[in-house]
Every structure is written in structure tokens, then in C-alpha cells.
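A closer look at the structure
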Amino acid sequence: MKKSLCYSALLAAGLASFSASAQDEVIKVGILHSLSGTMAISESTLKDTVLMLIEQQNAAGGLLGKQLEPVVVDPASNWPLFAERARELLAQEKVDVIFGNWTSVSRKAVLPVVEELNGLLFYPVQYEGEESSQNVFYTGAAPNQQAIPAVDYLMKELGVERWVLAGTDYVYPRTTNRILEAYLKDSGVAEEDIMINYTPFGHADWQNIVAEIKRFGSAGKKTAVVSTINGDANVPFYRELGNQGIDAADIPVVAFSVGEQELSGIDTAPLVGHLAAWNYFMSVDADANGDFIDAWLDFTDKDDAVTNDPMEAHYIGFNMWAEAVRKAGTTEVDAVKDAIIGVTVPNLTGGYATMLPNHHITKPVLIGEIQDDGQFEVVWQTTGTVMGDAWSDYLPGSKDLVADWTAPMQCGNYNVTTGKCGGSQAKAEAQAALGD
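Please read these numbers as outputs of a predicted model, since none were measured by experiment.

1. A look at the confidence of the model for the chain
- Confidence in the prediction for the chain averages 91 pLDDT; 91% of positions are at 70 or higher.
- Note on residues 1-22: pLDDT under 50 across the span, and 0 contacts to partners over four residues away in sequence or across chains.
- pLDDT under 50 marks residues 425-436. Its contacts with residues more than four places away, or in other chains, come to 22 contacts.

2. Regarding the state of the cysteines
- Per the counting criterion, the structure on display carries 1 disulfide.
- At a sulfur-sulfur separation of 2.1 Å, the disulfide partner of Cys 411 is Cys 421. Across the S-S bond of Cys 411 and Cys 421 the torsion is about 90 degrees, and the bridge reads as right-handed. Linking Cys 411 in strand β18 (residues 411-415) with Cys 421 in strand β19 (residues 420-421), this pair joins segments that are 10 residues apart in sequence.

3. Here's the deal with helix α12 (residues 333-340)
- Listed as buried for α12 are Val 333, Val 336, Lys 337, Ala 339 and Ile 340.
- In the core, the buried residues of α12 are packed alongside β4 (121-123), β5 (136-138) and α11 (309-328).
- The N-cap of α12, judged by a side-chain oxygen 3.3 Å from the amide nitrogen of Asp 334 a few residues on, is Glu 332.
- Once α12 ends, the next one or two residues include Gly 342, with phi positive near 90 degrees.

4. So, the sheet that holds β19
- The 3 strands are arranged β17-β18-β19 in an open sheet whose pairing can be described as antiparallel. Two strands bound the open sheet, and with one partner strand each, they are β17 (401-404) and β19.
- The pairing of β17 with β18 spans 3 bridges and is classified as antiparallel. From the neighbouring strand, Val 402 faces β18, where its bridge partner is Tyr 414.

5. Re the packing of helix α7 (residues 207-216) against helix α8 (residues 234-243)
- The geometry of α7 relative to α8 is characterised by a closest axis approach of 10 Å and an angle of 55 degrees between their N-to-C directions. With respect to each other, α7 and α8 are oriented oblique. Between α7 and α8 lies a crossing of right-handed hand. Residue-level contacts link Gln 207, Val 210 and Ile 213 of α7 to Phe 237, Glu 240 and Leu 241 of α8.

6. Examining unusual backbone geometry
- Note the cis peptide between Ala 407 and Pro 408, where omega equals 5 degrees.
- Of note, Asp 301 is a non-glycine position whose phi angle comes to about 55 degrees, a positive value.
- Residue placement: Asp 301 occurs in the loop between α10 (287-300) and α11.
- Owing to a relative accessible area of 69%, Asp 301 belongs among the exposed residues under this scheme.
- With a phi close to 70 degrees, His 359 is a non-glycine residue in the positive phi region.
- If you trace the backbone, His 359 turns up in the loop between β12 (352-354) and β13 (362-363).
- Residue His 359 is classed as buried on the basis of its relative accessible area of 1%.

What counts as what
- Residues numbered from 1 in each chain as written.
- Predicted model: local features only at pLDDT ≥ 70, side-chain atom pairs only at ≥ 80, totals over all residues.
- Heavy atoms only, no water.
- pLDDT = per-residue confidence, 0-100.
- Contact = heavy atoms within 4.5 Å.
- Disulfide = S-S within 2.5 Å.
- Helix = DSSP H or I, 4+ residues; strand = E, 2+ residues; numbered from the N terminus.
- Buried < 20%, exposed > 50% of the residue type's maximum accessible area, 1.4 Å probe, protein only.
- Polar contact = N/O pair within 3.5 Å; in protein donor to acceptor, adjacent residues only side chain to side chain.
- Pairing = 2+ DSSP bridges.
- Axes fitted to C-alpha atoms, helices over the stretch in contact; angles between N-to-C directions.
- Parallel < 35°, antiparallel > 145°, perpendicular 65-115°, else oblique.
- Left-handed = near helix turned anticlockwise from the far one by under 90°.

Structure, rendered in C-alpha cells:
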């Protein structure tokens with residue numbers, strides 16, 4: 001009996017040792033994107049993007065002499081489930097890094113998990129700012145890299161005087177619109193010339209709202225819609241614009257969450273001339289972009305597959321992480337966090353992206369016009385790249401805050417007026433002031 005127990009214990013120890021040894025032979029990469037539910041239209045493609053990047057990295061010899069192993073989970077467009085799946089990836093699967101999330105509400109659900117377990121999250125989508133975590137790298141646009149330049153373009157280039165701020169009812173549209181409302185009023189726009197509307201995820205009946213937008217735009221002032229509508233609700237929204245004959249020449253729509261992937265599901269002919277603000281479009285003529293598109297078409301085995309901005313953000317984030325791992329000589333989280341600051345890698349528009357001390361990156365800003373083939377023609381872009389700003393200059397609770405995760409500051413919300421790092425409590429107060 002004692003021999004049997006002893007043998008069992010030795011066997012268990014041996015299996016555990018073998019399992020740990022096997023795990024040491026690979027670098028595990030977590031993929032946290034909705035593959036079902038209302039956000040699957042946008043996020044499924046990002047899962048495949050990371051799989052392609054992993055495949056390419058493995059073909060090039062992996063990292064640190066090890067192959068990369070993807071661990072894919074489906075949080076199913078369910079925000080609390082994002083937190084559960086993130087915990088599963090970090091605590092059970094022991095992944096070295098996570099690439100994931102789309103909506104800000106899902107990111108905020110995951111944030112305390114990655115901070116508690118000291119994980120790494122690369123977040124690839126434009127967002128509202130007002131956040132900087134030592135465990136998150138924001139490779140999508142901050143408001144000063146998308147929303148503010150888009151409004152400037154509409155105001156200065158198209159002469160827009162009346163503004164419809166239309167969004168899905170969650171943190172990203174609400175906070176972005178607070179920033180835009182403050183910016184517009186600072187620019188002299190009257191309160192009665194700003195209309196704000198929110199709808200739930202998956203909203204399908206747009207007839208009355210589009211009719212209201214049409215009425216709002218008939219007051220004799222040039223009107224535009226700034227859209228932070230997310231997910232599959234965009235399909236019926238744009239369809240209703242066409243149904244009601246809203247022409248881009250009369251009331252242009254500039255979208256922050258609509259790219260090539262979303263347009264691939266609808267007839268774009270009635271939408272020609274409407275706009276989107278991103279940091280990348282598939283139509284950009286650059287060698288790096290051509291190579292990426294070719295690789296994507298080959299990976300998907302679909303001649304009509306499209307690329308979009310969040311895919312480029314994952315491309316940049318993945319390559320930054322890989323370079324930081326090489327630089328650190330390890331996948332250990334704290335070492336990678338230190339090594340990644342200042343890392344510069346190519347983007348897909350012919351330039352370069354650099355990781356800043358506030359965990360945001362440098363990006364060009366592009367305005368694209370919808371074409372009848374579902375692509376965008378670039379009609380305006382910045383002359384260089386713009387540094388991502390974690391805290392808005394236009395909100396009272398944020399304008400004195402900066403983020404810098406390098407020593408000696410190492411703070412996500414340093415108040416330049418008081419000379420103090422606010423810590424988590426100050427961040428919570430700032431978010432409470434914004435109504436998040």
C-alpha cells in the first residue's frame with residue numbers, strides 16, 4: 001500500500017514536471033475576441049489576424065528559439081465573460097500575452113484582471129482615452145488621433161456648423177462625445193447646434209432616428225453626423241440612410257467604428273461620399289500594406305477578404321511585443337513592459353509606430369471617403385504621426401493628467417498641477433466625474 005502511494009506520488013510529480021517542461025517549450029499567446037454575438041462581425045477577423053501573425057512568426061523561427069502557441073477563447077460579446085475568459089487565459093492557461101477586446105466596456109471588464117494577475121493586454125481599437133494602465137498597451141487611436149482631427153476636418157474643410165453625435169450606448173461613445181461636445185463648444189458651436197443620440201448594441205430600427213437627423217439637418221446650416229455606432233447595428237443604420245436619401249453632400253457621416261469589414265456586409269452604392277476616420281485603410285499604397293494584404297488573402301484563401309484599421313493595430317502591437325521579448329530576452333511580464341517603451345516598428349501606411357511611455361503609440365490620421373466597391377479613398381491625412389494622449393485636454397477631470405510608466409514617475413495619472421501621482425483612487429474619481 002505504501003509502495004503504491006509512493007509510486008503514485010512519484011508518477012504525479014513526474015507528470016507535473018513533464019507538463020511544466022512541455023509548457024516551457026512554447027510561448028502561449030492568448031486571443032480574447034468575440035467569435036459570436038453582436039461584436040463578432042468586427043472581432044472574428046481580429047482573431048484570425050493574430051493567428052496569421054503567430055503562423056508567420058513561427059515560420060520565421062518563433063521567439064527565443066520557441067514556437068508560439070495560440071490559445072483562443074470566445075467571450076461571446078458578453079462583457080462580464082470577457083473578465084472570466086481573461087482570468088482563464090492568465091491563471092489557467094498561463095499565457096504570456098493577450099491580444100484582444102474591441103469595446104471599451106469589455107476592456108474595462110478585463111482591466112482589473114490583467115492588473116491583479118500582472119498580465120499583458122494589447123488593445124487594438126480606437127477608444128475614448130481617459131485611461132493608462134501599466135498592464136495595457138493601447139495600439140488603437142486615442143481621441144486626439146481620430147475624433148478631434150475628424151471634427152477639425154469637417155469644420156475647416158467642409159464648413160460643418162451643426163453636429164449630430166450618434167453612438168452606441170456604452171463608455172466609448174459617451175466619453176468620446178463628452179470630449180467632442182466640450183471641444184465643439186470651445187470652438188464656438190452653440191448648444192442648440194449639437195444633437196446627441198445613443199442606441200443599444202444591435203439596434204435595428206433606425207427609421208425614426210434617421211428621420212430626426214434629417215430634420216435636424218434642414219435648419220439651413222451645414223450638418224454632419226459623427227458616428228460612434230459599434231458592431232452590427234451599423235448595417236441597418238447605413239441602410240436606412242440610403243432608404244431616406246441622405247446624401248453625403250448634404251449630411252456627411254464620419255464614422256469612427258466602421259471600416260472595410262463592416263462595409264463588406266452592405267450595399268455601399270448609396271453611401272458613396274460618407275466618411276470614416278482611421279489610422280489605416282486597405283487602399284493605402286505602400287509596400288508594407290501590399291505585402292500584408294497578400295498574406296491576408298493567402299491566409300484566408302478568399303479573394304474578397306478585406307483588411308482594416310484594428311488589424312493593422314494588432315500587426316503593430318504583435319511586432320512591438322515580439323521585439324520587446326527579443327530585447328528583454330524573456331517573456332517575463334515586467335521585463336517586457338520595461339523593454340517595449342521606445343520600441344519602433346513599421347506600420348502599414350509606409351511609416352513607423354513608436355511605443356510611448358504612456359503605453360500609447362504614434363499614428364498618422366487619415367480621413368477616407370466610402371467608394372462603391374466598399375473601399376475608402378483617402379481625402380485627407382496628417383503630414384506626420386500624432387502621439388497618442390491618454391488624458392483629454394478638454395475635460396476638467398483630465399486636462400492636468402499625464403501618464404508615464406518609465407522610472408522614476410511610473411504613474412498612469414500624474415497631476416502636473418499638484419505634482420502628485422493620483423493612484424487608483426484618483427483614476428476612479430476621474431472616471432466617476434466622467435460618468436463612466
